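Structure at a glance
Single-letter residue listing:
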Amino acid sequence: MTDTEAPPRVLVVDDAATVRLYHSSLLLEAGFRVDEAANGLEAVEAAMATPFDLFVVDVNMPKMNGYTCVENLRSETVGTDAPVLMISTEDRPGDADRAYAAGANLYLVKPVAGERLIRIATMLTAGRGTPA
């Protein structure tokens with residue numbers, strides 16, 4: 001990363017404050033810039049106002065679930081091609097397929113080890129900057 005290149009910006013989207021804090025603190029420690037949203041609607045609004053390099057999105061949330069959030073992120077209205085990592089407790093057959101159909105790049109089941117989250121976030125943001 002050059003001195004003028006900012007680290008990747010990540011939006012962590014989860015209705016559980018403890019999960020947001022956990023994911024955000026790991027990403028911040030790894031050098032990412034991190035913003036948070038408590039549901040899919042907040043995430044879509046944030047994405048319309050700010051460009052992000054990665055979205056870390058839960059599935060089960062009030063106001064707008066993760067699948068609908070990703071569909072909106074990929075829609076013409078928002079139009080982001082930034083990678084989406086969905087992390088959920090949902091582990092039924094078809095949950096990952098539904099995430100990929102919505103436009104997610106990767107689907108993981110909670111809990112996700114911190115080292116794994118950082119490794120995947122770094123991989124998904126390659127070419128969009130490198131964490132400090």
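Summarised in this report is the structure supplied together with it. Residue indices begin from 1 for each chain and proceed along its sequence in written order. A pLDDT threshold of at least 70 governs which residues receive local features in this predicted model, and a stricter bar of 80 or more applies before side-chain atom pairs are shown or counted, although totals over entire chains, interfaces and linings include all residues. With hydrogens and water stripped out, all remaining heavy atoms of the structure feed into the side-chain values.

Side note on the environment of Ala-37
In this description a helix means any DSSP run of H or I spanning at least four residues, a strand means any run of E spanning at least two, and both kinds are numbered starting from the N terminus. Examined against the element boundaries, Ala-37 turns out to sit in strand 2 (residues 33-37). For Ala-37, a relative accessible area of 2% gives the class buried. On a C-alpha basis, the gap between Ala-37 and Val-12 in space is 6.2 Å, while along the polypeptide they are 25 residues apart. Accessible area is worked out with a 1.4 Å probe on protein chains only. A residue is then buried under 20% of its type maximum, exposed over 50%, and partly exposed in between.

Considerations on the environment of Thr-125
Mapped onto the secondary structure, Thr-125 falls in the segment after helix 5 (114-124). Judged by relative accessible area, Thr-125 falls into the buried class, the value being 0%. Aside from chain neighbours lying at most four places away, what touches Thr-125 is Pro-8, Phe-32, Asp-53 and Leu-54. Counting of polar contacts relies on pairs of N or O atoms within 3.5 Å, with two restrictions inside protein: one atom must be capable of donating a hydrogen and the other of accepting it, and residues adjacent in sequence are counted only when both atoms are side-chain atoms. Within polar-contact distance, the side chain of Thr-125 engages the backbone oxygen of Ala-121 at 2.8 Å. Any pair of residues with heavy atoms lying within 4.5 Å of one another is described as a contacting pair.

A closer look at the sheet that holds strand 5 (residues 106-109)
Should DSSP find at least two bridges between two strands, the strands are regarded as paired. Within the open sheet, the five strands sit side by side as 2-1-3-4-5. Their pairing is parallel. Because the sheet does not close on itself, it has two edges, and the strands there are strand 2 and strand 5. Taking each pair of neighbouring strands and ignoring which way they run, the sheet shows an average axis angle of 20°. In terms of strand pairing, strand 1 (residues 9-13) meets strand 3 (residues 54-57) through four bridges, oriented parallel. Within strand 3, the position partnered with Val-13 by the bridge is Val-57. What counts as an axis is a line fitted to C-alpha atoms, over the stretch in contact for a helix, and the angles between N-to-C directions run from 0 to 180 degrees. Across the sheet, helix 1 (residues 17-29) is in contact with strand 1, strand 2, strand 3 and strand 4 (84-88); its angle to strand 2 comes to roughly 170°. The strands touched by helix 3 (residues 66-74) within the sheet are strand 3, strand 4 and strand 5, with strand 4 carrying the most contacts at an inclination of about 175°.

Some details on the pattern of salt bridges
The term salt bridge refers to a pairing of a side-chain nitrogen on Lys or Arg with a carboxyl oxygen on Asp or Glu at a separation within 4 Å. Counted according to the given criterion, the structure contains six salt bridges. For Glu-36, the salt bridge identified is with Arg-20, shortest N-O distance 3.3 Å. Of the two residues, Glu-36 is situated in strand 2 and Arg-20 in helix 1; the sequence distance between them amounts to 16 residues. Using a relative accessible area of 43% as the deciding quantity, one classes Glu-36 as partly exposed. One salt-bridge network, held together by shared partners, links Asp-14, Asp-58 and Lys-110.

Regarding the pairing of strand 1
Of all five residues making up strand 1, four are buried, and the element is well covered by its neighbours. By the bridge criterion, five bridges tie strand 1 to strand 2 in an arrangement that is parallel. Across the sheet, residue Val-12 finds its bridge partner in strand 2, namely Glu-36. Crossovers are described as right-handed under a simple rule: with the strands pointing away from the observer, the path leading from the first strand over the helix to the second runs clockwise. Remark: the strand 1/helix 1/strand 2 crossover connection has right-handed handedness.

Quick look at the packing of helix 2 (residues 40-49) against helix 3
The contact between helix 2 and helix 3 brings their axes to 9 Å, and the two run at 15°. In terms of axis orientation, helix 2 runs roughly parallel to helix 3. Every pair of crossing elements has a handedness; the one defined by helix 2 and helix 3 is right-handed. Residues Gly-40, Ala-43, Val-44 and Ala-47 of helix 2 pack against Cys-69, Asn-72 and Leu-73 of helix 3. In this count, Pro and Cys sit with the nonpolar residues alongside Ala, Val, Leu, Ile, Met, Phe, Trp and Tyr, while Asp, Glu, Lys and Arg are called charged and the others, Gly among them, polar. Tallied by class, residues from the contact of helix 2 with helix 3 come to five nonpolar, two polar and no charged. Oblique is the label for every angle not falling under 35 degrees (roughly parallel), over 145 degrees (roughly antiparallel), or within 65 to 115 degrees (roughly perpendicular). If you view the pair so one helix is near and one far, a crossing is left-handed when the near helix is turned anticlockwise from the far one by less than a right angle, and right-handed when it is turned clockwise.

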